[in-house]
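# Coordinate analysis (summary)
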Amino acid sequence: MRIDWWTLGLQAINLLVLMWILSRFLFRPIAQIIAQRQAAADSILNEAKSAQEKAEAAEQQAHKMADDAAAARQGLIDAATGEAEKEKQALLSAARAEADTLRNTARKEAERIRQSEAALAEDRASRLAVDITARLFERLPPEARIDGFIDGLADGLVKLPQTTRDELGAAGSRVTLKASRALSKAEEQSIHTALTKALGRDLAFTVAIDPSLIAGLEIETEHAAVRNSFRNDLNRVVHTLTERGDSKDA
Amino acid sequence: MTRSPLILEPLFMIGPVPITRPVVTTWAIMAVLTLFGLLLRAHLANRPGKLQSAAELVTEAIDHQISEVLQRDPAPYRALVGTVFLFILVANWSSLMPGTEPPTATLETDAALALIVLASTIWFGIRVQGVAGYFATFAQPSWAMIPLNLLEQITRAFSMIVRLFGNIMSGVFVVGIVLSLAGLLVPIPLMALDLLTGAVQAYIFAILSCVFIGAAVNGENDPPQDEHRKWDTT
């Protein structure tokens, strides 16, 4: 066995040179490019992380804006609802007031119409009663339309207050005696006798014909009236019936 | 008949210096690796191609092995370990070239490699621990161990030489014998086996270099705790 020291030395030198060459032209550039790539990857990861954080912040901001918008919308809805409720209440109040006014007006109008109709009915009833009574009295003898009412007229004079009685025919004045037809001399004499007896003194009168009395007699002065006629009785009956109808309606 | 691998005959002379076949083959390997390095450096990009990816894979594997063994930053040791690994690998596989004998099949080349590793061990040990600190490790665990530790430095370098030389030389020798006896295609399985053996031997030599350097820089291969933490995080 023999060691070639020249070869050993040359190989050692060769290996050292190779070590320098590979270190300079292979390992170091590769390590640098790996480090650069790692740094670039780290930078990209950091940028991605930063972008992610920004995106998350933007998302949170968007959520917050959406919540604020929802709250504002709800506030507007509540305000509009309150305003609409107020408006509704005001409209309802106005409508109720207007309805009450219309109802009161209608009620008054109905009352007026009812009263008008009642008056018309009363008038018609009076006319009908007068017509019926007049036709009935046409079947009686003409004396019955005067004689039967003389005593009643005298009783009416008796029931007058004393002062009113004293004023009748005072100072030679004449009172008006209404009759449904012209009186005969005998009928005038009978009436004069009955009136004189009722007053206790003589009473001068002037006869006035009023066919609307139907039958009966009436005395009228400036301050008093004594009525004893069918017209007066019918008017009283109709008025009484009308008052009863009103009380029932009420 | 195959000549003895223990005897080197000079191919030519440069002055008084005899230039033997392993030296010429080593120059060729150096030229190839240099050309490869220059081409790769010229085409380095952040988006690597296939060749760059392969080179980065090898470089990162070397860094990973250094970090695993030394528990330190691999940068100061990358050139030594990487060069040892690549040179031995390419040298071992150079036997595939017809008429080429791997330089690692000679004792001189293996001895040069082992001497460089031994010198690097001493250099890194002194640089990390200082002169006194490094030589104090020879007295561990006691002064009585100094002769044995010194002897260990020599014997483990010698073991590296013999291991690499024996494996590669035997492969070349067997292939030569089979080729001379059987014919042209018969040694192919043995050559394929030599590829595996060559890769394994390159890995073993590089790892043993890391282990020896680690023992020198860490003191009996016991790395500091802060260095553990440093590399655990990477």
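Here, every reference points to the structure presented above.
## A look at the overall build of chain B
A count of helical and extended segments in chain B gives seven helices and two strands. Ordered by position in the sequence, the α and β elements of chain B form the string β-β-α-α-α-α-α-α-α. Reported as C-alpha extents along the three principal axes, the dimensions of chain B are approximately 60 × 55 × 40 Å. Taking all 234 residues of chain B together, 44% fall into the buried category.

## What to know about empty space enclosed by the protein
All names here are of chain B. This model, assessed by the stated rule, comprises four cavities of 30 Å³ or more. Space inside the largest cavity adds up to approximately 60 Å³. Lining the largest cavity are Asn92, Ser95, Pro102, Asn167, Ile168, Gly171, Val172, Asp194, Thr197 and Gly198. Elements with a minimum of two residues in the lining of the largest cavity: α5 (146–181) and α6 (188–218). Computed from the structure, the second largest cavity encloses a volume of approximately 40 Å³. Lining the second largest cavity are Ala114, Val117, Leu118, Thr121, Gln153, Arg156, Ala157, Met160 and Phe212.

## Side note on the packing of α5 of chain B against α6 of chain B
Residue and element names in this part refer to chain B. Remark: α5 packs on α6, axes separated minimally by 11 Å, with the N-to-C direction vectors making an angle of 175°. Here α5 is positioned roughly antiparallel relative to α6, judged by the angle of their axes. On the side of α5, the interface is formed by Arg156, Met160, Arg163, Leu164, Asn167, Ile168, Gly171, Val172, Val174, Val175 and Val178, while α6 contributes Leu190, Met191, Asp194, Thr197, Gly198, Gln201, Ile204, Phe205, Leu208, Ser209 and Phe212. Among the residues making up the contact of α5 with α6, the classes are represented as 13 nonpolar, six polar and three charged.

Conventions we followed
- Residues numbered from 1 in each chain as written.
- Chains lettered and ligands numbered in written order.
- Predicted model: local features only at pLDDT ≥ 70, side-chain atom pairs only at ≥ 80, totals over all residues.
- Heavy atoms only, no water.
- Helix = DSSP H or I, 4+ residues; strand = E, 2+ residues; numbered from the N terminus.
- Buried < 20%, exposed > 50% of the residue type's maximum accessible area, 1.4 Å probe, protein only.
- 1 Å grid on protein atoms, 1.4 Å probe; cavity = no way out; pocket = protein on both sides within 12 Å on 5 of 7 lines; lining within 4 Å.
- Points joined across faces, edges and corners; volume = space filled by probe spheres on them.
- Axes fitted to C-alpha atoms, helices over the stretch in contact; angles between N-to-C directions.
- Parallel < 35°, antiparallel > 145°, perpendicular 65-115°, else oblique.
- Contact = heavy atoms within 4.5 Å.
- Nonpolar A, V, L, I, M, F, W, Y, C, P; charged D, E, K, R; others polar.

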